[in-house]
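A look at the structure
As a plain string of letters, each chain reads:
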Amino acid sequence: TPQAQSTLDNANAKLAQDTKTRDDLQAQLNNLNDAIKAKVQTLANAKADLATKQTALDEAKQVTAQAQAKTDTTANALAAAQNKVNALTSELNQLKAYKAQTPQAQ
């Protein structure tokens, strides 16, 4: 009957529209999933970069600590050498003073 055909046509049109809406929503969902995957990859890359930089920082800290230890050792050695110079200078001054007080042999 014409009424039944009209109802069927309306149902088919509604089905076509609903199918298009579903397909559009599925495309949007796929785009969102792709965007999420890209963000997850970006985050993974950033984490890997951060780990690399942390390793480099740790190595730099170790080198800095070693350099500081060498600097401290050198400063201690310099202080010890300065103490020796001071002691020898004092001893030399004492010898000069002694020599000045001693009559010169002719």
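A few points on the structure. (Residues numbered from 1 in each chain as written. Predicted model: local features only at pLDDT ≥ 70, side-chain atom pairs only at ≥ 80, totals over all residues. Heavy atoms only, no water.)

Looking now at the overall build of the chain. Of the regular secondary structure elements, the chain holds 1 helix and 0 strands. The C-alpha atoms of the chain give a radius of gyration of 45 Å, which is well past the 13 Å a tight globule of 106 residues would have. Taken along its principal axes, the extent of the C-alpha atoms in the chain is 155 × 15 × 15 Å. Counting only residues that meet the buried cut, the chain has 0% of its 106 residues in that class. In the structure as shown, the chain presents an accessible area of about 9,500 Å², 60% of it carried by carbon and sulfur atoms. Of the charged side chains in the chain, 12 are positive and 10 negative, and the gap between their average positions amounts to 14 Å. (Helix = DSSP H or I, 4+ residues; strand = E, 2+ residues; numbered from the N terminus. Rg over C-alpha atoms; globule rule 2.2 N^0.38 Å. Buried < 20%, exposed > 50% of the residue type's maximum accessible area, 1.4 Å probe, protein only. Areas by Shrake-Rupley, 256 points an atom, 1.4 Å probe, with all protein chains shown as cover. Lys, Arg positive; Asp, Glu negative; His and termini not counted. Charge placed at Lys NZ, Arg CZ, Asp CG, Glu CD.)

In this structure the tally under the stated criterion is 4 salt bridges. One salt bridge in this structure joins Asp-24 and Lys-20, with 3.0 Å as the shortest N-O distance. In this pair, Asp-24 and Lys-20 are both assigned in helix H1 (residues 2-101), 4 residues apart and thus about one turn of the helix distant. Judged by relative accessible area, Asp-24 falls into the partly exposed class, the value being 37%. The closest approach of N and O atoms between Asp-49 and Lys-53, which form a salt bridge, is 3.2 Å. Pair noted here: Asp-49 and Lys-53 are both in helix H1, with a separation of 4 residues, about one helical turn. Classification of Asp-49 as partly exposed rests on a relative accessible area of 38%. (Salt bridge = Lys/Arg side-chain N within 4 Å of Asp/Glu carboxyl O.)

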